[in-house]
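# Understanding the architecture of this molecule
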Amino acid sequence: MNKFGFAIKTPRSEDMDKVSLERYNMLLDRVPSFKRCFQCGCCSATCSARQYTEFSIRRIHTSFRRGEYEGLDEQLKKCMLCGKCTLVCPRGVNLRSLIINMRQILDETK
Amino acid sequence: MRKVAIIGAGPAGIEAASTLAKNGIEVTLFEKSETPLKNIQDKAFLFPNFQAAQEIADDLSGKLLTDGITTAFGVDIADIKWQGTEWKLIDAKNQTYVADAVLVATGYQVFDAHRKEELGYGIYKGVITSLDMEQMIKHGKILNANGDEPKRVTFLQCVGSRDEKSGNHYCSKICCVTAVKQAIEVRKQLPKCEASIFYMDLRMWGQGFEEMYRTAQEKYGVSFVRGRISEAAATFDGRVQLKSEDTLMGLPLKMTTDLLVLMVGMEASCGTKELGKACDISGDYGFIKSVNPHLYDNETGKPGLFVAGTCKRPMSVSDSINDARSAAIAIKDYLDTLPQ
């Protein structure tokens, strides 16, 4: 096919019919405060790692929420667990625990 | 003649007093301060029609002259007690008053921005509250920390509202539209100054509010950033540097601004909290709880004890006035059921 300059691309849309939210639901069981997140971005705004790297905790937990887990384990290694995100969160989400649990769930369900 | 005591001379208290007095009921209006309408007189213009707050205050003050209203300003009602057939009101100096019914209209106070230390209010001069901004607009003197004309003014929504860390889970309802109103005012008074609003959701719930938002975008070029400011710091030249995430871009954002305006929310006033506790009618966050928000929103569940205005929940001035009128009807209905 490539010979003719054609290729079949995988769709990049979020397919909510096919996605499995099993790991996301595990996360909610372990960190119930995460249910309250309203996506204000305080966590990644205050994040020290975010200022210099691609690490974005808000993006990571949004991906988790949407059942997109690819590459997240690598991303999550960049967090230094300083806990500033937990301090600023206006909805009282325990972000430190969220990060540790995301790491663990991704590891358990490899 | 039936007697009603109203506690609090804000828009709700005064409106209810004049409605009742016009219906032949004798009203005593108590107010802790020496003058009425303090909160409304802190404002410059009211949304959505940019009417001068002073005009509304003057109109309401005029209603105090209605026959049948006695004013008792500078009287702090500390406690009220049901005596079986009537209410006894006791002030801070231990003087007592008697009434067939009581209307609690003790209002709100703004959130104390010092409590959000990370935003630097009271630490950096360039950080002010929406109330400070209202004063600047009122006097036509919008100035930065150095006393110069600002080049950029930035508003932050939800300070002390929708915030678990300050203990207020609720939305204060009026700050979204107030920020839009103030940003328009800034652009009107200082056409060269940029205005930005940091928001999480813009709740344009009232008639004309969405149109104001459109006007702010189209006519006044106000910029809107979807993200909450997590912290502010001072720069060497007396400006304020703030940190947020632009959640739509998914990128961290930093910005230096001359003035950071914190849109402080509404909390139950001290008087509301104390009286609510004393009469056992306190609900969430120290606001007074009505019996039913749909059907009996002015009743407290105690005989002859009614409630109106922002001591119940955050409300706009117009909502408070309407609520006061409905309270007046509820009080009249109650008085009519009493034995002659």
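Residues numbered from 1 in each chain as written. Chains lettered and ligands numbered in written order. Predicted model: local features only at pLDDT ≥ 70, side-chain atom pairs only at ≥ 80, totals over all residues. Heavy atoms only, no water.

## Details of the overall build of chain B
The line we're drawing: Each helix is a run of H or I in the DSSP string that is no shorter than four residues. Each strand is a run of E no shorter than two, and both are numbered from the N terminus. Two things to know: the radius of gyration comes from C-alpha atoms, and the globule rule equals 2.2 Å times the number of residues to the power 0.38. Here's how the labels work: a residue is buried when its accessible area is under 20% of the maximum for its type, exposed when over 50%, partly exposed in between, all with a 1.4 Å probe on protein chains only.
Looking only at helices and strands, chain B features eight helices and 20 strands. At 22 Å, chain B has a C-alpha radius of gyration in line with the 20 Å of a compact globule built from 340 residues. For chain B, the spread of C-alpha atoms along the three principal axes comes to 70 × 35 × 35 Å. When the 340 residues of chain B are sorted by exposure, 55% land in the buried category.

## Looking at the interface of chain B and chain A
Our working definition: Contact definition: two residues touch when any of their heavy atoms are within 4.5 Å. Note on terms: buried area is the combined drop in 1.4 Å-probe accessible area of two parts once they are placed together, counting the loss on both. Put simply, a salt bridge is a Lys or Arg side-chain nitrogen that is within 4 Å of an Asp or Glu carboxyl oxygen. Any pair of nitrogen or oxygen atoms within 3.5 Å is treated as a polar contact; in protein, a donor-acceptor pairing is required on top of that, and neighbouring residues in sequence qualify only through side-chain atoms on both sides.
The interface is formed by 19 residues belonging to chain B together with 22 residues belonging to chain A. Broken down residue by residue, the surface that chain B buries against chain A is led by Glu164(B), Lys165(B) and Glu245(B), which jointly contribute 29%. At the junction of chain B with chain A, the criterion picks out two salt bridges. A salt bridge links Glu245(B) to Arg58(A), with the shortest nitrogen-to-oxygen separation between them at 2.4 Å. Scanning the region where chain B abuts chain A turns up twelve residue pairs in polar contact (both at pLDDT 80 or more). The set of elements that each furnish at least two residues to the side of chain B that touches chain A consists of β16 (240-246) and β17 (251-257) of chain B. Among the elements that line the side of chain B that touches chain A, the one with the most residues is β16(B), at three residues.

## Points about the nonpolar core
Residue and element names in this part refer to chain B. Put simply, the rule is: Among buried residues, those of type Ala, Val, Leu, Ile, Met, Phe, Trp, Tyr and Cys that are joined through side-chain atoms within 4.5 Å constitute a nonpolar core.
Judged by nonpolar contacts, the single largest core of 37 residues is most densely connected at Met133, Phe155 and Phe224. At the level of secondary structure, the elements contributing two or more residues to this core comprise α4 (130-138), β12 (152-159), α5 (175-189), β13 (194-199), α6 (209-218) and β18 (259-264). The element best represented in this core is α5, accounting for eight residues. Filtering out sequence-adjacent residues up to four positions away, Phe155 remains in contact with Met133, Ala179, Gln182, Ala183, Val186, Ser196, Ile197, Phe198, Val261 and Met263. Core analysis: the second largest hydrophobic core is formed by 35 residues, Val4, Leu103, Ala330 and Leu338 among them.

## Describing helix α7 (residues 270-278) of chain B
All names here are of chain B. This is how the line gets drawn: Starting at the helix axis, one direction is taken to each C-beta atom, and the arc is that of these directions.
Among all positions in α7, only Gly271, Thr272, Leu275 and Gly276 are buried. Projected down its long axis, α7 shows its buried positions confined to an angular sector of 125 degrees, all on one face. Of the exposed residues in α7, the ones pointing more than 90 degrees away from its buried face are Glu274 and Lys277. On the buried face of α7, the contacting elements are β1 (3-7), β6 (77-82), β9 (101-104) and β19 (266-268). One or two residues past the end of α7 sits Asp280, with phi positive at roughly 60 degrees.

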